[in-house]
Amino acid sequence: MSPRSHDRSTFKTEHVSIEHRELPWDTAALGRRVVHLESVTVDPVDQALDDLASFVAACDAEGVYLLSCRLPHEHIATTMLLEEVGFRVMETVLEPYLNGLNTRSFAPSPLRIVAASQDDAWHAERIAANAFSDGRFHSDPRLPRTVADHRYAMWVQSALHHPQQHIDLAYAEDDVVAFILSERVGVDSVRWLLTAVAPEH
């Protein structure tokens, strides 16, 4: 196991294959190791339970405090298996797609968009720590709100050190009113990961 930082690792048995990595922002927020399951493949489903339980036990033995996983909504059988080994469904995420951006035109915006640097990214961290209230960490009654807030700030901070992630700040005159955190995917796509407007605006 032993995933660290943004590096991926693989747990593989006869019936299960799991790609996973440690989430540095969640680990920093909780003060304990948090590992995210990037993908889970089971085959056949009815023989995978023991192998999944072995993975969870290995994580526990290595001091992992929290495991998280995001699955496509149609992977019902895998979701049920994960629930069998202690996972709980906390939220549903919608992923809309917008194609052909380079051929589209948009009305002028009164906002000025500027790439964040090490010197001014704290604006995005401040907004992230105060703008959210319904995320999966906020919805988990086992976690205090301060930890959930801090987790979003750590996510933004971590993006500064990620080779494919990018933070943009939105200015209204001299005030930073919002941010966008995105990630380059391949040569012609961008994944929009996180955005928030400052609560005071």
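So, here is what we can say about the structure in this document. (Residues numbered from 1 in each chain as written. Predicted model: local features only at pLDDT ≥ 70, side-chain atom pairs only at ≥ 80, totals over all residues. Heavy atoms only, no water.)

Looking now at the environment of Gln157. Tracing the backbone shows Gln157 in helix H6 (residues 145-159). Sequence separation between Gln157 and Phe179 is 22 residues, and the spatial gap between their C-alpha atoms is 13 Å. (Helix = DSSP H or I, 4+ residues; strand = E, 2+ residues; numbered from the N terminus.)

Let us look at the nonpolar core. Ranked by size, the top nonpolar core spans 29 residues in total, and within it Val156, Ile167, Leu169, Phe179, Leu181 and Leu194 carry the most contacts. Counting residues per element, the ones that place at least two in this core are helix H1 (24-30), helix H4 (122-131), H6, strand S6 (165-172), strand S7 (175-185) and strand S8 (189-197). When residues in this core are grouped by element, the largest group, 7 residues, is from H6. In this structure, Val16, Ile18, Leu52 and Val64 belong to the second largest nonpolar core, which totals 17 residues. (Core = buried A, V, L, I, M, F, W, Y, C linked by side-chain atoms within 4.5 Å. Buried < 20%, exposed > 50% of the residue type's maximum accessible area, 1.4 Å probe, protein only.)

On to the sheet that holds S6, then. As summarised here, the arrangement of the 4 strands in space is S5-S6-S7-S8, forming an open sheet in which the pairing is antiparallel. A strand with exactly one partner marks an edge of an open sheet, and here the two such strands are strand S5 (112-115) and S8. Strand-to-strand twist of the sheet, defined as the mean angle between neighbouring strand axes without regard to direction, takes the value 25°. Of the pairings in the sheet, the one linking S6 to S7 comprises 8 bridges and is antiparallel in character. Directly across from His166, in S7, lies its bridge partner Ser182. The sheet contacts of H4 involve S6, S7 and S8, and relative to S7 the element is tilted by about 95°. Helix-sheet contacts for H6 involve S6, S7 and S8, and the interaxial angle to S8 is about 140°. (Pairing = 2+ DSSP bridges. Axes fitted to C-alpha atoms, helices over the stretch in contact; angles between N-to-C directions. Contact = heavy atoms within 4.5 Å.)

Another aspect to go through is the pattern of salt bridges. The final tally for this structure, using the stated rule, is 12 salt bridges. Measuring nitrogen to oxygen at the nearest pair gives 2.5 Å for the salt bridge that ties Arg151 to Asp26. With a gap of 125 residues between them, Arg151 in helix H6 and Asp26 in helix H1 connect regions that are remote in the sequence. A relative accessible area of 5% places Arg151 in the buried class. You can call Asp26 buried: its relative accessible area is 0%. A salt bridge links Glu200 to Arg126; its shortest N-O distance comes to 3.2 Å. Taken together, the residues Glu200 in the segment after S8 and Arg126 in helix H4 connect sequence positions 74 residues apart. (Salt bridge = Lys/Arg side-chain N within 4 Å of Asp/Glu carboxyl O.)

This part is about the pairing of S8. Every other side chain in a regular strand lies on the same face of the sheet, so the side chains alternate between the two faces. Pairing analysis gives 8 bridges linking S7 to S8, with the strands arranged antiparallel. Each bridged residue has a counterpart across the sheet, and for Arg184 the counterpart in S8 is Val190. Count of turn residues in the S7/S8 antiparallel hairpin: 3 residues, of which Gly186 carries a positive phi of about 70°.

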